[in-house]
Amino acid sequence: EFEAVYTFTLSAKLEIQMQVINLGSSSFDFQTAFHTYFTVSHIKNVSIMGLKEVKYIDKTKQNEKSVESRNAVVFSEETDRVYMSVPDPVTLADKGKDTSLEIKNTHLPDIVTWNPWADKAKAMSDLGADAYPQFVCVEAGVINEPQILSPQETWACSMILESPIRPSL
């Protein structure tokens, strides 16, 4: 028995907070993620910074473990990775829109990067073959090591999405 409370605060930034309260008499463990899908100009214009030298699990390669070597993660094929113990912030950039978004997390150590690419998107009834170029998922969460919640304990996390302000010309 548990309760989950979400709070959304919208100002110059978006802050999403979640509290999970164990109302029961036994401990339990859980995983969670904020499933944030971002609209982009084209997936080939997208890059994610802040993941260099971070360990990850590649779900498209039988859960192969590796370490990210790139300064900027880019997409050129189906991608489904869990980056573990990610430092803050991570930046999502879209050169086609000339925009970037900082993703800052509290108590959400992992980041999932996902895009199904053409073949997998075609097979998904809720997506369609032509949808994959217009979005990317960058999901903050507790994935690799489940969170354990003792009886009557409360756990909280948050994610802040903020776009740096560019000076006027």
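Everything discussed here concerns the structure shown above.
What counts, and where the lines are drawn
- Residues numbered from 1 in each chain as written.
- Predicted model: local features only at pLDDT ≥ 70, side-chain atom pairs only at ≥ 80, totals over all residues.
- Heavy atoms only, no water.
- Helix = DSSP H or I, 4+ residues; strand = E, 2+ residues; numbered from the N terminus.
- Contact = heavy atoms within 4.5 Å.
- Buried < 20%, exposed > 50% of the residue type's maximum accessible area, 1.4 Å probe, protein only.
- Disulfide = S-S within 2.5 Å.
- Core = buried A, V, L, I, M, F, W, Y, C linked by side-chain atoms within 4.5 Å.

Colleague: Honestly, the side chain of Ser 158 in this entry has me stumped. Any pointers?
Modeller: Within the secondary structure, Ser 158 sits in strand 14 (residues 154-162). Among all residues touching Ser 158, those that are not within four sequence positions of it are Glu 15, Ile 16, Gln 17, Phe 34, Lys 104, Asn 105, Thr 106 and Leu 108.

Colleague: Even after reading the chapter, I still don't get the environment of Phe 28, so can you show me in this structure?
Modeller: Mapped onto the fold, Phe 28 is located in strand 3 (residues 28-34). For Phe 28, a relative accessible area of 22% translates into the label partly exposed. Placed 67 residues apart in sequence, Phe 28 and Lys 95 show a C-alpha to C-alpha distance of 43 Å. In this structure Phe 28 touches Glu 1, Phe 2, Val 20, Asn 22, Gln 147, Ile 148 and Leu 149, once residues within four positions along its chain are discounted.

Colleague: Would you take a moment to explain the state of the cysteines for this structure?
Modeller: Linking two cysteines covalently through their sulfur atoms gives a disulfide. Across all of its chains, the model carries 0 disulfides by this definition. Unpaired in terms of disulfides, Cys 137 finds its nearest cysteine sulfur in Cys 157, a separation of 18 Å. Classification of Cys 137 by relative accessible area gives buried; the value is 0%. Cys 157 sits in the buried class, given a relative accessible area of 4%.

Colleague: Is there a simple way to explain the environment of Lys 59 in this structure?
Modeller: Of note, Lys 59 is situated in the loop between strand 6 (55-58) and strand 7 (64-67). Along the backbone, Lys 59 and Lys 120 are 61 residues apart, and their C-alpha atoms lie at a distance of 14 Å. Contacts of Lys 59, omitting those with residues within four sequence positions, involve Asp 80 and Val 82.

Colleague: Explain the nonpolar core to me, please; I cannot follow it from the model alone.
Modeller: The nonpolar side chains of a soluble globular protein tend to be buried with one another. If you look at the biggest cluster of nonpolar residues, it comprises 35 residues, and the most contacted ones within it are Val 136 and Trp 155. Of all the secondary structure elements, the ones that give two or more residues to this core are strand 2 (14-22), strand 3, strand 5 (46-49), strand 10 (90-94), strand 11 (99-106), helix 1 (117-123), strand 13 (135-149) and strand 14. In terms of residues, this core owes the most to one element, strand 13, which gives 5 residues. Among residues more than four places away in sequence, those in contact with Val 136 are Thr 36, Tyr 37, Phe 38, Val 40, Ile 43, Val 46, Phe 75, Leu 92 and Trp 114. Core analysis: the second largest hydrophobic core is formed by 9 residues, Ala 33, Val 112, Trp 114 and Cys 137 among them.

Colleague: Could you clarify how one ought to interpret the side chain of Asn 105 in this entry?
Modeller: By the element assignment, Asn 105 lies in strand 11. Residue Asn 105 is classed as buried on the basis of its relative accessible area, which comes to 12%. Other than its neighbours up to four places away in sequence, Asn 105 contacts Asp 88, Ile 111, Ala 140, Ser 158 and Met 159.

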